[in-house]
Amino acid sequence: MSRARRQILGACLGAFLLLLLYRYHRTNDGILPSTTPHAAPEVILNFEINRKYLWRKIPVRYPVAEVQPLPVTPSKTLPKVQSADSKVSRLNLDRQTTRQSAAKEAFERCWKSYRLLAWGADELAPLSGSPKNMLRGWRATLIDNLDTLWIMGMHDEFKKAVAAVATIKFEDAQSPEINTHDVNIHLLGGLLAAFDLSADQKLLEKSIELGDMLYAAFDTPNRMPIIHWNANKAAHREEQLAEENVLGAELGSFILEFTRLSQITGDPKYFDAAQRVMEWFDKQQDATKLAGLWPVSVNAKEELFDDDTFTLGAEASSLYKSLPRAYALLGGKVPMYRKMYENATLTAAGHNVFRPMNPEGKDVLLSGTVQVAMTDNGNSQTHLESQMKYRSCFAGGMFALGGALLNIPTHQEIAHKLVDGCIWAHQVVPLGIMPEAFDVVPCASQTNCPWSEWLWKQEVWKKANSLEPEPNPTLNVDTFIKEHRLPKGFIGISDTAYNLRPEAIESLFTLYRISGREDLLDVAWDMFQAMQSATQAKNGNAAIVAVTDEGSEVTLKDPMDSMWMSQTLKYFYLMFSSPDLISLDEFVFNAGGHPLKRPKAS
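Rules used in this analysis
Positions within a chain are numbered from 1, following the residues in the order the chain's sequence is written. Confidence filtering applies because this is a predicted model: local features only for residues at pLDDT of at least 70, side-chain atom pairs given and counted only at 80 or more, and all residues used for totals across whole chains, interfaces and linings. Water and hydrogen atoms were dropped before computing side-chain values, which therefore reflect all heavy atoms in the structure. UniProt positions are given in the numbering used here, feature names are shortened, and annotations may be inferred rather than shown by experiment. Put simply, DSSP marks the helices as runs of H or I at least four residues long and the strands as runs of E at least two long, and each gets a number from the N terminus on. The cut-offs for exposure are 20% and 50% of the maximum accessible area for each residue type, with area from a 1.4 Å probe on protein chains only; residues under the lower value are buried, those over the upper are exposed, and the others partly exposed. Every residue pair with non-hydrogen atoms within 4.5 Å of one another is taken to be in contact. We define a polar contact as two N or O atoms separated by no more than 3.5 Å, with the added condition that, inside protein, one atom must be a possible hydrogen donor and the other a possible acceptor, whereas residues neighbouring each other in sequence contribute only through side-chain atom pairs. Only the six-membered ring of Trp is used, alongside the rings of Phe and Tyr, when aromatic pairs are assigned; centres must lie within 6.5 Å, and planes under 30 degrees apart are stacked while those over 60 apart are edge-to-face, with the rest tilted. Definition used: whenever NZ (Lys) or CZ (Arg) falls within 6 Å of the ring centre and also within 35 degrees of the ring normal, the charge is taken to sit over that ring. Helices are assigned an expected span. That span is 1.5 Å times one less than the residue count. The reported arc concerns the directions from the helix axis to the C-beta atoms and nothing else. Geometry is summarised by axes, namely lines fitted to C-alpha atoms with helices restricted to the contacting stretch, and by angles between N-to-C directions that run from 0 to 180 degrees. Orientation categories follow fixed angle ranges, with anything under 35 degrees roughly parallel, anything over 145 roughly antiparallel, 65 to 115 roughly perpendicular, and all other angles oblique. Should the near helix be turned anticlockwise from the far one by less than a right angle, the crossing is termed left-handed; should it be turned clockwise, right-handed. Under the convention adopted here, Pro, Cys and the residues Ala, Val, Leu, Ile, Met, Phe, Trp and Tyr are nonpolar, Asp, Glu, Lys and Arg are charged, and Gly plus all remaining residues are polar. Residues belong to a common nonpolar core when they are buried Ala, Val, Leu, Ile, Met, Phe, Trp, Tyr or Cys residues joined through side-chain atoms within 4.5 Å. For two strands to pair, DSSP has to find at least two bridges joining them.

- Per an unreviewed UniProt entry, the protein goes by the name alpha-1,2-Mannosidase and belongs to Penicillium polonicum.
- UniProt annotates the protein under Pathway (unreviewed entry) with the comment "Protein modification; protein glycosylation."
- On record in UniProt, under Sequence similarities (unreviewed entry), the comment for the protein is "Belongs to the glycosyl hydrolase 47 family."

So this is what it looks like as structure tokens:
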């Protein structure tokens, strides 16, 4: 072959490869269109490079007989969830733009402090100005905020962050043990969301590298993942067994990220791993002590769900919120997630969700914890603990999204009341911020609940004495209420802190996008101002020791969890943005607040 012909052939081949790369970046989901209806999607990657990664070299000890592929039936056209009414905010564009800018400025201030004082570390301690490593020193704040940088238009900072992320070696760490749940929702979720937004190939390569590492934690006899996982032992092929006591929500938290990674790469092994776990949850859903819900703790090694504590709160939120989102991410092609969501919310609405007695007579709802005990005659008996936790505020957004996706009107009503319950809990505290955990008096009826000052004080007395070794019959309730600064309706505050959590604004944002309720914009702004005013420190924002303190009495504490920037401030920014920025019809948010792109219907 002549030199000229070789040059022409080489040019044609190069043009063909460039065309493939172009088509890859132009497709909606980052997946190449296939030439056959159900062919596995491809990905433009240098797999000779990827095979060098440690976790691709280690043989699988317990391989599956057959890898379950992503569903290949045509995607359903799911209902639009974002309300056209949410565009009304554009009539007040100047005001919303000012509020959006305030949220961005708060983020920029925190990001600058992190970049100057803790670059390369997981978190910044804003009071001491020192770096902290809480997640193996893998720059958690950096990865957690890649998508936030992109969403806020900080593209120069984004490029610098991506360059830094590309140098991370996930095989190197300051501690041999990792929490795979945290790594999955914050780091893998952050990488995938940033790739979905930017199509930066370096982020996809790091996603695959980290996904392969997490996949190795599923290499147990029953394919249940290890949450508190010693990566060093796994790398040396030591025996791996699932844990006997682990939070169920941590086990069920992989489905969104692993599904999205399989959708992007065309490698079904990630989806297969997470789906097997969720099928286990599906089979056990009606066999627990509170049928429909899963207990807080499970025995993954023996595959037992025999614990007796059930909640939508802190220990379970990531599991339940993933159900309608997995249904959407899979295009409605796996009806199991619809069934799991409907069964779970039916039980929760009947047992965990309650109306709190309050002096304003507000028709609001909160979510508590149910304990199940066996009676002498072998029957089960349920007891509601009417303690509300900040993380339970996610439930309003879950009911709003699930109700819209699955066309369940009653869930929209529940969603409004749950969100209003969290708003009430913020507003009755003088600082304007809800505490991490507090107790109230549950109403006997959700339809009629008159205020009783006598009953409230009686329950305060009972709660106060329940915390003491010996009851004090002479306890002065009025003095106790004043000393502990209990708002009317609260009978105790078991955790007075505010740890920069996002769940309240997450649900406000979700409900606003779905319902178009204009009053939520002002509520969110008041909430933002209260949080910013109370938590702002020299080098960012810090958690509050006691929200019952006021003014100069407010005491702050280190560190600044990355969720403050990656979730709380991001949701405030999106709340005051145009509704087409990260539309809920195009993305689902994972438990770490990272938007993953929903495939379009076939």
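### With respect to the environment of Gln532
(1) Moving on: Following the sequence through the fold, Gln532 ends up in helix α21 (residues 519-535).
(2) Moving on: Its relative accessible area of 13% is what places Gln532 among the buried residues.
(3) Moving on: With 426 residues separating them along the chain, Gln532 and Ala106 place their C-alpha atoms 7.8 Å apart.
(4) Moving on: With sequence-adjacent residues up to four places away left out, Gln532 is seen in contact with Ala106, Asn541 and Trp564.
(5) Moving on: Of the polar contacts made by the side chain of Gln532, one reaches the side chain of Gln536; its length is 2.9 Å.

### Let's talk about the packing of aromatic side chains
(1) Moving on: All chains considered together, the criterion is met by 27 aromatic pairs.
(2) Moving on: Aromatic pair Trp451 and Trp456: ring centres 5.7 Å apart, planes at 45 degrees, arrangement tilted.
(3) Moving on: You can call Trp456 buried: its relative accessible area is 2%.
(4) Moving on: A network of ring pairs unites the aromatic residues Tyr215, Phe218, Phe254, Phe258 and Tyr270 as a single cluster.
(5) Moving on: The ring of Tyr215 is capped by Arg223, whose NZ or CZ atom sits 5.5 Å from the centre of that ring.
(6) Moving on: The ring of Tyr215 carries the charged tip of Lys269 above its face, separated from the ring centre by 4.8 Å.

### Some remarks on helix α9 (residues 201-216)
(1) Moving on: Look at α9: 23 Å from first C-alpha to last across 16 residues, which is about the 22 Å you get at 1.5 Å a residue.
(2) Moving on: Capping the start of α9, Asp200 holds a side-chain oxygen 2.9 Å from the backbone nitrogen of Lys202, two or three residues further along.

### Things to note about helix α15 (residues 336-351)
Helical geometry: 3.6 residues make up each α-helical turn, so side chains three or four residues apart lie on a common side.
(1) Moving on: Compared with the 22 Å implied by 1.5 Å per residue over 16 residues, the 23 Å span of α15 between its first and last C-alpha is a close match.
(2) Moving on: Within the span of α15, buried status applies to Met336, Tyr337, Met340, Tyr341, Ala344, Thr345, Thr347 and Ala348. Projected down its long axis, α15 carries its buried residues within an arc of 165 degrees, all on one side. Those residues of α15 that are exposed and aimed more than 90 degrees away from the buried face are Leu346 and Gly350.
(3) Moving on: Against the buried residues of α15 lie α12 (255-265), α13 (269-284), α14 (317-329), β8 (353-354), α16 (394-405) and α17 (409-427).

### A short note on the packing of helix α4 (residues 93-117) against α21
(1) Moving on: At their nearest, the axes of α4 and α21 sit 12 Å apart, and the two run at 30 degrees to each other. Between α4 and α21, the angle is such that the two are roughly parallel. Viewed along their axes, α4 and α21 form a crossing whose handedness is left-handed. For the pair formed by α4 and α21, the contact residues are Arg95, Gln96, Arg99, Ala102, Ala103 and Ala106 on the first element and Leu521, Asp522, Trp525, Phe528 and Gln532 on the second.
(2) Moving on: Residue composition of the contact of α4 with α21, by class: six nonpolar, two polar and three charged.

### Here's the deal with the nonpolar core
General note: in soluble globular proteins, nonpolar side chains tend to be found buried as a group.
(1) Moving on: Grouped together as the largest cluster of nonpolar side chains are 186 residues, with contacts concentrated most on Leu146, Trp229, Tyr320, Tyr337, Leu508 and Met575.
(2) Moving on: With sequence-adjacent residues up to four places away left out, Tyr320 is seen in contact with Leu293, Trp294, Thr311, Leu312, Ala344, Phe394 and Met398.

### Digging into unusual backbone geometry
(1) Moving on: Geometrically, the link from Asp558 to Pro559 is a cis peptide bond, its omega value of -10 degrees lying close to zero.
(2) Moving on: With respect to the helices and strands, the residue Pro559 is situated in the loop between β18 (556-557) and α22 (563-575).
(3) Moving on: Notably, Arg485 is not glycine yet its phi reads approximately 50 degrees, a positive angle.
(4) Moving on: Residue position: Arg485 is located in the loop between α19 (477-483) and β14 (490-495).
(5) Moving on: Positive phi, close to 55 degrees, is recorded for Ile582, a residue that is not glycine.
(6) Moving on: Topologically, Ile582 is positioned in the loop between α22 and β19 (587-589).

### Considering the sheet that holds strand β7 (residues 309-311)
(1) Moving on: With antiparallel pairing, the three strands of this open sheet are ordered in space as β7-β10-β11. Two strands bound the open sheet, and with one partner strand each, they are β7 and β11 (380-385). Within this sheet the neighbouring strands show an average axis-to-axis angle of 25 degrees, counted without direction.
(2) Moving on: In this sheet, strand β10 (residues 369-374) lies alongside β7 in antiparallel orientation, the contact comprising three bridges.

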